[in-house]
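The lines below spell out each chain.
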Amino acid sequence: MAVEHKFGGRHTEIKLNVIQRYLEAYLQVMSGQNYRNIYVDAFAGTGSRTTTHNGFPLLGEESEGQTITPGSAQLVLQMDNKFDEYLFIDKKAKHVDALKKLCARFPNKDTRCYQGDANELVQEFCRSTRWGRGGGYWGTRAVLFLDPYGMQVEWQTLKDIAATKAIDLWFLFPLSGLYRQAARNFDKIDEDKIRAIDRCLGTTEWQNALYEANPQSDFFADSERLERNAKIPAIESYVKQRLQTEFTAWVSEPIPLRNTQGPQLFSLFFAMSNPSKPAKNIAQRIVRHLRKSIT
């Protein structure tokens, strides 16, 4: 019996469509170049997703009012063009078991599945991989997809990715999660949440960037109260500025993702570590076209 992995909505379909189309374009471009190419999915789940529906079934494998559709791992494995290596990571053992079964359906592709903390494993991958010339290749290049379940991605992981100068990163930033953690009144954020935001943004300066001092209504108060006046667009802009401090080659305008109704949930960023101008020009054309086609 397949392991169910229920998540997502309309925003998930958009996200997966963008990732799939970028990977297809990337592989087409790289097919004429002598680089070793690796795909890394750091929060890979089971490789598929289960959605509940009423009435007529959606496209996919129907099962008692549910539809099983491909996730990012399955979509990339189904492509005709291929990477030289695929790395799939998830923290849950049952998810990794499902990923191994999925990979077994594609024996012509070099796949590896790892159970563990995504931050630790991605940092190890970045630091241990030989990115320069060797093994008959001009070098190694990678596309890495960070699709966390919440605010799990640590800033150190992003620093290590950027330091490779060889990875194209797609990062689904949990904008609504940050918005919830960063309460309107700063004094209502406990120490655990402050540390979580520090790890996520890699600085304590978010407190100055997102909060302003307002006089206490109490005349006898000794201090001013810090309040967050920054709304979703300002927070999203600040996240982009933070990413630009590490990914100096280029960070795209984010793709806003929301369900059919309701506020924005995520910001899908493309961040480029490779400083090569020709590579940057190609990536910009692809990413801007994708963004324009869905926004």
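Everything that follows concerns the structure shown earlier in this document.
Presented here is an overview of the structure given in this document. (Residues numbered from 1 in each chain as written. Predicted model: local features only at pLDDT ≥ 70, side-chain atom pairs only at ≥ 80, totals over all residues. Heavy atoms only, no water.)

Here the focus is the pairing of strand β13 (residues 266-272). Taking burial as the measure, the 7 residues of β13 include 7 buried ones, the bulk of the element. Neither face of β13 is exposed, since Phe266, Leu268, Phe270 and Met272 on one face and Ser267, Phe269 and Ala271 on the opposite face are all buried. As judged from the 6 bridges shared by strand β8 (residues 167-173) and β13, these two strands associate in the antiparallel manner. Bridged to Phe171 within β13 is Phe269. (Buried < 20%, exposed > 50% of the residue type's maximum accessible area, 1.4 Å probe, protein only. Helix = DSSP H or I, 4+ residues; strand = E, 2+ residues; numbered from the N terminus. Pairing = 2+ DSSP bridges.)

So, on to the packing of helix α4 (residues 118-128) against helix α5 (residues 155-164). Between α4 and α5, the least distance of the axes is 9 Å, while the angle of their chain directions is 20°. The angle between α4 and α5 places the two elements in the roughly parallel class. As α4 packs across α5, the resulting crossing turns out to be left-handed. Taking contact as the criterion, the partners of Asn119, Val122, Gln123, Cys126 and Arg127 in α4 are, on α5, Gln156, Thr157, Asp160, Ile161 and Thr164. (Axes fitted to C-alpha atoms, helices over the stretch in contact; angles between N-to-C directions. Parallel < 35°, antiparallel > 145°, perpendicular 65-115°, else oblique. Left-handed = near helix turned anticlockwise from the far one by under 90°. Contact = heavy atoms within 4.5 Å.)

Turning next to the environment of Phe83. Here Phe83 is to be found in the loop between α2 (72-78) and β5 (85-90). Overall, the relative accessible area of 2% leaves Phe83 in the buried class. Through-space distance from the C-alpha of Phe83 to that of Ser31 is 9.5 Å; in sequence the pair is 52 residues apart. Leaving out residues up to four positions away in the same chain, Phe83 has contacts with Leu23, Tyr26, Leu27, Asn37, Ile38, Tyr39, Val76 and Val143.

With that out of the way, let us pick up unusual backbone geometry. Notably, Lys165 is not glycine yet its phi reads approximately 55°, a positive angle. For Lys165, a relative accessible area of 47% translates into the label partly exposed.

Ranked by internal contacts, the top residues of the largest apolar core, which has 47 residues, are Leu146, Leu158, Ile161 and Trp206. Ranked by the residues each element gives to this core, the list is headed by helix α9 (residues 232-246), at 5 residues. For Trp206, the contacting residues outside a window of four places in its chain are Phe186, Ile189, Ile194, Ile197, Asp198, Leu201, Tyr211 and Tyr238. Within the second largest apolar cluster, 40 residues are counted, among which are Val18, Tyr86, Val287 and Leu290. (Core = buried A, V, L, I, M, F, W, Y, C linked by side-chain atoms within 4.5 Å.)

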